[in-house]
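These are the residues of each chain, in order.
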Amino acid sequence: MNDMEYAGFWIRTGAAIIDSILMLIIILPMMFAIYGEDYWMSDDFILGGWDLLLNYILPAIAVIIFWTYKSATPGKMATKLTIVDAKTGQKPSTKQLIIRYLGYYVSILPLGMGLIWVGIDSRKRGFHDMLAGTVVIRNTKTEPVKFG
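Residues numbered from 1 in each chain as written. Predicted model: local features only at pLDDT ≥ 70, side-chain atom pairs only at ≥ 80, totals over all residues. Heavy atoms only, no water.

Draft legend 1. Broad picture of the packing of aromatic side chains. Tallied over the entire structure, the rule returns six aromatic pairs. With centroids separated by 4.8 Å and ring planes inclined at 85°, the aromatic side chains of Phe 9 and Trp 10 adopt a geometry described as edge-to-face. Residue Phe 9 is classed as partly exposed on the basis of its relative accessible area of 27%. An aromatic cluster of at least three residues, connected via ring pairs, comprises Trp 67, Tyr 101, Tyr 104 and Tyr 105. Above the plane of the ring of Trp 67 lies Arg 100, whose end atom (NZ or CZ) is 4.7 Å from the centre. (Phe/Tyr/Trp six-rings, centres within 6.5 Å; stacked < 30°, edge-to-face > 60°. Buried < 20%, exposed > 50% of the residue type's maximum accessible area, 1.4 Å probe, protein only. Lys NZ or Arg CZ within 6 Å of the ring centre and 35° of its normal.)

Draft legend 2. View of the pairing of strand 2 (residues 134-138). Most of strand 2 sits out of view: four of its five residues are buried. Note: strand 1 (residues 81-85) against strand 2, five bridges, orientation antiparallel. Opposite Ile 83, over in strand 2, you have Val 136 as the bridge partner. (Helix = DSSP H or I, 4+ residues; strand = E, 2+ residues; numbered from the N terminus. Pairing = 2+ DSSP bridges.)

Draft legend 3. Molecular detail of the nonpolar core. In terms of nonpolar packing, the biggest core is built from 11 residues, these being Ala 7, Ala 15, Ala 60, Val 63, Ile 64, Trp 67, Leu 81, Ile 83, Leu 97, Tyr 101 and Val 136. Breaking this core down by element, the ones donating at least two residues are helix 3 (49-70), strand 1 and helix 5 (94-108). If you tally residues by element for this core, the top one is helix 3, at four residues. The residues touching Ile 83, leaving out its near neighbours within four places in the chain, are Trp 67, Ser 71, Lys 76, Pro 92, Leu 97, Arg 100, Thr 134, Val 135 and Val 136. (Core = buried A, V, L, I, M, F, W, Y, C linked by side-chain atoms within 4.5 Å. Contact = heavy atoms within 4.5 Å.)

Draft legend 4. Structural detail: the pairing of strand 1. For strand 1, a buried count of five out of five residues is recorded, marking the element as mostly surrounded by other parts of the structure. The side-chain alternation of strand 1 yields two buried faces, one formed by Leu 81, Ile 83 and Asp 85 and the other by Thr 82 and Val 84.

Draft legend 5. Representation of the pattern of salt bridges within the structure. Considering all chains together, one arrives at four salt bridges under this definition. Of the charged contacts, one joins Arg 138 and Glu 5 as a salt bridge, the two residues approaching to 3.3 Å between their closest N and O atoms. Taken together, the positions of Arg 138 in strand 2 and Glu 5 in the segment before helix 1 (9-35) put the pair 133 residues apart, joining distant regions of the chain. Note that Arg 12 and Asp 129 form a salt bridge whose closest N and O atoms lie 2.7 Å from each other. With Arg 12 in helix 1 and Asp 129 in helix 7 (residues 127-132), this residue pair connects regions lying 117 residues apart in the sequence. Judged by its relative accessible area of 8%, Arg 12 falls in the buried class. Ionic contacts of the salt-bridge type, sharing partners, join the residues Arg 12, Arg 100 and Asp 129 into one network. (Salt bridge = Lys/Arg side-chain N within 4 Å of Asp/Glu carboxyl O.)

Draft legend 6. Structural detail: the side chain of Asp 85. Among the structural elements, Asp 85 can be located in strand 1. Lys 87 provides the closest opposite charge to the buried, unpaired Asp 85, separated from it by 6.9 Å. Contact partners of Asp 85, with chain neighbours within four places excluded, come to Gln 90, Pro 92, Gln 96, Gly 133 and Thr 134. (Lys, Arg positive; Asp, Glu negative; His and termini not counted.)

Draft legend 7. View of the packing of helix 1 against helix 3. Packing of helix 1 against helix 3 leaves a shortest axis separation of 10 Å and a crossing angle of 165°. Taken as axis vectors, helix 1 and helix 3 run roughly antiparallel relative to one another. In this structure, helix 1 meets helix 3 at a crossing whose hand is right-handed. Note on element contacts: helix 3 touches helix 1 through Gly 49, Trp 50, Asp 51, Leu 54, Asn 55, Pro 59 and Ala 62, opposite Met 23, Ile 27, Met 30, Met 31, Ile 34 and Tyr 35. (Axes fitted to C-alpha atoms, helices over the stretch in contact; angles between N-to-C directions. Parallel < 35°, antiparallel > 145°, perpendicular 65-115°, else oblique. Left-handed = near helix turned anticlockwise from the far one by under 90°.)

Right, dumping it as structure tokens:
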């Protein structure tokens, strides 16, 4: 466990940006097809069932599935980051991952302080990591490139 290199604020921000762009590429065309231009002009927080499904439920399911099977989202994989149990350094349980996802909402409530905390904490944990008992580490192992 002592050989873990914790992933800091900026690399994790980069991973989140990659994930957000990927989600936008998938979700925005569907939202436009369903709601048309009205989607962009509405003052409503949630326009209807499709909005709720595509913007909230689908991303939550996708993220938790990626975390469960890969211990990372595509953005974390691209930046060579992995989510692990803070105590053991092993793969977190599904319960921990669900708590971690819900912990994002806790992290953003006090003016995003729970996310900013990643840059302050010695183990680079946000509030969501603390609640779930996880840390994000850099993959220091280099694997050989496979061809074919």
